[in-house]
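Overview (structure and organization)
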Amino acid sequence: MGKHKERPPLNIPTEPINILIDNEPTYNKEQMRLLKEIFDQFDIEKTGLCPLKIIPTTLSTLGVKMKEEELEKLIKEVDANGSGTIEFGEYIELAQRFIEPEDDYNKVYAELRQVFMIFDKEHKGYLDIAEFKAIIKEIEPELPENELNDVVEEVDVDGSGRIEFEEFLAVMVGE
């Protein structure tokens, strides 16, 4: 048997490689986690899919105003596979059009505060359980009452019967 040359070990990177396609922004791990947490809040049934009606809600909270025709075109573009739902990858594509990757999460928290204030129409600093349930039902009208109650119980950590911003924030960022 002949002697084999010893080969040097392969130099395989352990960190993920970020590839830019068409100069689209890339998000770091923390930003992706935050986007995933927000997406998961709309994925009530935990199927990995969200109803397309989250798109107008998402855009309006970001201050994006679009004509109905533009919105319909955007939804068709985002829902590339025509499923009638938005998958996380499609959600990221949507985010890349309107949310620049940034290191300053204060802006993200400020945006979540704006989302909360949109729902807190009376500026009470909290949402009544009935208001919160109505929001969830608007997003997911087929959600059974028992599952809706489970969502409320999960979010209303202190059992006060209302959803304060801190509870809303904790759920949205996965704390």
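Figured I'd write up the structure that's included with this text. Numbering of residues starts from 1 in every chain and runs along the sequence as written. Local features in this predicted model are restricted to residues whose pLDDT is 70 or higher, and side-chain atom pairs enter the listing and the counts only when it is 80 or higher, whereas totals over whole chains, interfaces and linings include all residues. To obtain the side-chain values, all non-hydrogen atoms of the structure were included, while hydrogens and water were left out.

1. Quick notes on helix H7 (residues 145–155)
Worth spelling out the cut-off: Exposure is judged per residue with a 1.4 Å probe applied to protein chains only, and the accessible area is read against the type maximum: over 50% gives exposed, under 20% gives buried, and values in between give partly exposed. By definition, any uninterrupted DSSP run of H or I lasting at least four residues is a helix, any uninterrupted run of E lasting at least two residues is a strand, and each is numbered from the N terminus. The directions considered for the arc run from the helix axis to the C-beta atoms.
Along H7, the residues classified as buried are Leu148, Val151, Val152 and Val155. For H7, the buried positions fall inside an angular range of 95° around the axis, keeping them on one side. Exposed positions of H7 whose direction lies more than 90 degrees from the buried face are Asn146, Glu153 and Glu154.

2. Notes on helix H1 (residues 29–42)
What sets the pattern is the α-helix's 3.6 residues per turn: residues three or four places apart point alike. Condition: Expected span of a helix, by definition, is 1.5 Å for each gap between consecutive residues, and there is one gap fewer than residues.
Across its 14 residues, H1 extends 20 Å between first and last C-alpha, which sits within 8% of the 20 Å expected from 1.5 Å per residue. For H1, every residue scored as buried is listed here: Gln31, Leu34, Leu35, Ile38, Phe39, Asp40 and Phe42.

3. Some points on the packing of H1 against helix H4 (residues 88–98)
Spelled out, the test is: Helix axes are fitted only over the stretch in contact, all axes being lines through C-alpha atoms; the angle between N-to-C directions runs from 0 to 180 degrees. Crossing handedness follows the turn of the near helix against the far one: under a right angle anticlockwise gives a left-handed crossing, and clockwise gives a right-handed one. Residue contacts are counted whenever heavy atoms from the two residues lie within 4.5 Å of one another.
In contact at an axis separation of 11 Å, H1 and H4 are set at 115° when each is read in the N-to-C sense. Crossing of H1 over H4 shows right-handed handedness. Packed against H1, whose contacting residues are Met32, Leu35, Lys36, Ile38 and Phe39, the element H4 presents Phe88, Tyr91, Ile92 and Ala95 at the interface.

4. Some words on the packing of aromatic side chains
The cut-off we apply is this: Aromatic contacts are taken between Phe, Tyr and Trp rings whose centres are within 6.5 Å, Trp giving its six-membered ring; a plane angle under 30 degrees counts as stacked, one over 60 as edge-to-face, and the others as tilted. By definition here, charges over rings are those cases where NZ of Lys or CZ of Arg is within 6 Å of the ring centre and within 35 degrees of the ring normal.
Overall, the coordinates contain six aromatic pairs when judged by the stated rule. With a centroid separation of 5.5 Å and an interplanar angle of 70°, the aromatic rings of Phe39 and Phe88 are classed as edge-to-face. Taken together, the residues span a long stretch of sequence, with Phe39 in helix H1 and Phe88 in helix H4 at a distance of 49 residues. Per residue, the accessibility class of Phe39 equals that of Phe88, and both read buried. Aromatic ring contacts, followed pair by pair, group Phe39, Phe88 and Tyr91 into a single cluster. When the ring centre of Phe88 is taken as origin, the NZ or CZ atom of Lys36, which lies over that ring, is 5.1 Å away. In this structure, Arg113 packs its charged tip against the face of Phe165, placed 4.3 Å from the ring centre.

5. Section: a negative patch on the surface
Applied cut-off: In this scheme, patches are assembled from residues that exceed 30% relative accessible area and form no salt bridge. Like charges are connected within 9 Å, while nonpolar side chains (Val, Leu, Ile, Met, Phe, Trp, Tyr) are connected within 5 Å. Per-residue accessibility takes into account occlusion by the displayed protein chains alone, with areas from the Shrake-Rupley method and a 1.4 Å probe. Here a salt bridge means any side-chain nitrogen of Lys or Arg lying within 4 Å of a carboxyl oxygen belonging to Asp or Glu. Positive charges come from Lys and Arg, negative ones from Asp and Glu, while His and the chain ends are left out of the count. By convention, the charge on Lys lies at NZ, on Arg at CZ, on Asp at CG and on Glu at CD.
Residues Glu45, Glu142, Glu147, Asp150, Glu153 and Glu154 make up a contiguous surface patch of negative charge. Here Glu154 is to be found in helix H7.

6. Topic: the layout of surface pockets
Threshold: Both site types are read off a 1 Å grid over the protein atoms alone. A 1.4 Å probe that fits but cannot get out defines a cavity, while an open set with protein on both sides within 12 Å along at least five of seven lines defines a pocket; lining residues have an atom within 4 Å of a point. Grid points are joined across faces, edges and corners, and a volume is the space filled by probe spheres set on the points. Note on residue classes: Ala, Val, Leu, Ile, Met, Phe, Trp, Tyr, Cys and Pro are nonpolar, Asp, Glu, Lys and Arg are charged, and everything else, Gly too, is polar.
Considered as a void within the structure, the largest pocket measures approximately 370 Å³ in volume. If you go around the largest pocket, you meet 22 residues; those closest to its centre are Gln41, Ile44, Phe132, Ile136 and Val151. Sorting the residues of the lining of the largest pocket by element identifies H1, helix H5 (106–119), helix H6 (129–139), H7 and helix H8 (165–173) as the ones contributing at least two each. Looking at which element gives the most residues to the lining of the largest pocket, the answer is H7, with five residues. In the lining of the largest pocket, the residues fall into 15 nonpolar, one polar and six charged.

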